Amino acid sequence: MGKDNISASPIFVTQPYLPSLSEFVPYLEKIWHSHVLTNGGPMHQQLERALGEYLGVEHIALFNNGTVALLTALQALRISGEVITTPYSFVATAHSLLWNGLKPVFVDIDPVTLNMDPAKIEAAITPQTTAIMPVHCYGTPCDVDAIQKIADIYNLKVIYDAAHAFGVCRDDGSILRHGDLSVLSFHATKVFNTFEGGAIVCPDVKTKQRIDQLKNFGFVDEVTVVAPGINGKMSEINAAFGLLQLQHMDKVMARRRDIDARYRQGLKGIQGLQVVDESSATTANYSYFPILINGDYPISRDALYQCLKDHGVFARRYFYPLISEFPMYRGLPSAKPSNLPVATDIANKVLCLPIYPALSDLDVERVIDLLNVSG
Ligand code: T4K
């Protein structure tokens, strides 16, 4: 398997896009000059406006990370009891429920989109269910229409974990406009990053006000606290980096699209290697490049993972193990593998290949070459 391909430079699953340092200096100078470092300063306000415009959403509240944004979204809607969610995600999705004293109820995923299967939701609803928390996994839109239909019938809230879905649109506009709230992550590993960061997209001013209070300890003014809030504020330096990053997004997306196309072309016809279908999005963000290693591939998924690693290619098994397999979840009745056959199967086959703007064409070829075991 591509033994000659060992290279000095490692290839990671992702790397943050970094504009030149000199471009960032003027932003830093402004912050130094203003002496405002956090608490909703000018950079923060500017980034909220700029992101609203870029994403095509009206109300957005910035956070210090996506996990605190998820915690706050659940608080903002006063979610209680049980929440239906997917086991096929980053562990923060379900952790946000436990941190709020809520019970996650896992349902299986669709084998094509790898998102929560709407056909499985109704059977998981009990009198304690108050909300659904689906994930637009890898930036592929969930079946938002089917999910909303069920939510309307059973009077449930829908909070999308949209950590992967920055900039994703369907033909009716931003995917972030669906559900009651959508939560973004701007972590360093994401398509758009502010080092650490996140946001909640909400439909109206009143909800944004409540979210803004909750992320600032519950303060309304200097002497009034209306809720047991948290410190979820994004600092000025993170917001400034976001403003700069936003200027480069078109270029970043174009390069990701190009890498995605190169992989799809180069991996065609490799026996046992299945490229996950392109999403139904009219604007995709190419945030991940998942492949599935089937039984007729010459080696196992884990052997391939190790082999790539030995050659300096650090692909990742997102999302293996399933969240439902971690010790704090596996005792739940809904966590049984027999309840989650599709998710269990996919988690055992998946490998996310490197995709990020600085990945060169040569590096992409190197990865393809390594995957082409019999080539
Ligand atoms: N919901 C979902 C569906 C999520 O995927 C996530 C986060 C969240 C919620 C929570 O959002 P945040 O609270 O994180 O905003 C990474 C990220 O830490 C995590 O943000 C992300 N999902 C998850 C899918 O991936 P790790 O533990 O795999 O990251 P790590 O440190 O191994 O980084 C992966 C590779 O990226 C490294 O091998 C090299 C590269 N890298 C990483 C960092 C941090 C860099 O080149 N530079 C960097 O600064 O979790």
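Each remark here, short or long, concerns the structure printed above.
Overview of the structure. Because the structure is a prediction, the values reported are computed rather than measured.

Every one of the 26 residues lining the ligand counts as a neighbour, but T67, D161, H164, S185 and Y318 are closest to it. In the environment of the ligand, an oxygen atom lies 3.4 Å from a nitrogen or oxygen atom belonging to the backbone of T14. Between an oxygen atom of the ligand and a side-chain N or O atom of T67, the distance comes to 2.6 Å. Burial of the ligand by the protein amounts to 76% of the accessible area it has alone, namely 910 Å². Those elements that provide at least two residues to the shell around the ligand are α3 (66-76) and α4 (92-99). Of the residues forming the shell around the ligand, the biggest block, three residues, is contributed by α3. Per-class residue counts for the shell around the ligand are 11 nonpolar, 12 polar and three charged. If you count residues domain by domain, the shell around the ligand takes at least three from each of domain 1 (21-108 + 115-246) and domain 2 (249-371).

A separate point is the environment of N155. Within the element layout of this structure, N155 appears in the loop between α5 (144-154) and β6 (157-161). Residues N155 and T129, spaced 26 residues apart in sequence, show a C-alpha to C-alpha distance of 9.5 Å.

Tallied over the entire structure, the rule returns 17 aromatic pairs. Among the aromatic residues, those joined into a cluster by ring pairs are Y88, Y138, Y288, Y318 and F319. The aromatic ring of F63 is capped on one face by K215, whose charged end is 5.5 Å from the ring centroid. Between the NZ or CZ atom of R301 and the centre of the ring of Y320, over which it lies, the distance is 4.6 Å.

Cut-off values and rules
- Residues numbered from 1 in each chain as written.
- Predicted model: local features only at pLDDT ≥ 70, side-chain atom pairs only at ≥ 80, totals over all residues.
- Heavy atoms only, no water.
- Near = heavy atom within 4 Å.
- Polar contact = N/O pair within 3.5 Å; in protein donor to acceptor, adjacent residues only side chain to side chain.
- Areas by Shrake-Rupley, 256 points an atom, 1.4 Å probe, with all protein chains shown as cover.
- Helix = DSSP H or I, 4+ residues; strand = E, 2+ residues; numbered from the N terminus.
- Nonpolar A, V, L, I, M, F, W, Y, C, P; charged D, E, K, R; others polar.
- Domains from an automatic or database assignment.
- Phe/Tyr/Trp six-rings, centres within 6.5 Å; stacked < 30°, edge-to-face > 60°.
- Lys NZ or Arg CZ within 6 Å of the ring centre and 35° of its normal.

These figures capture arrangement, not role.
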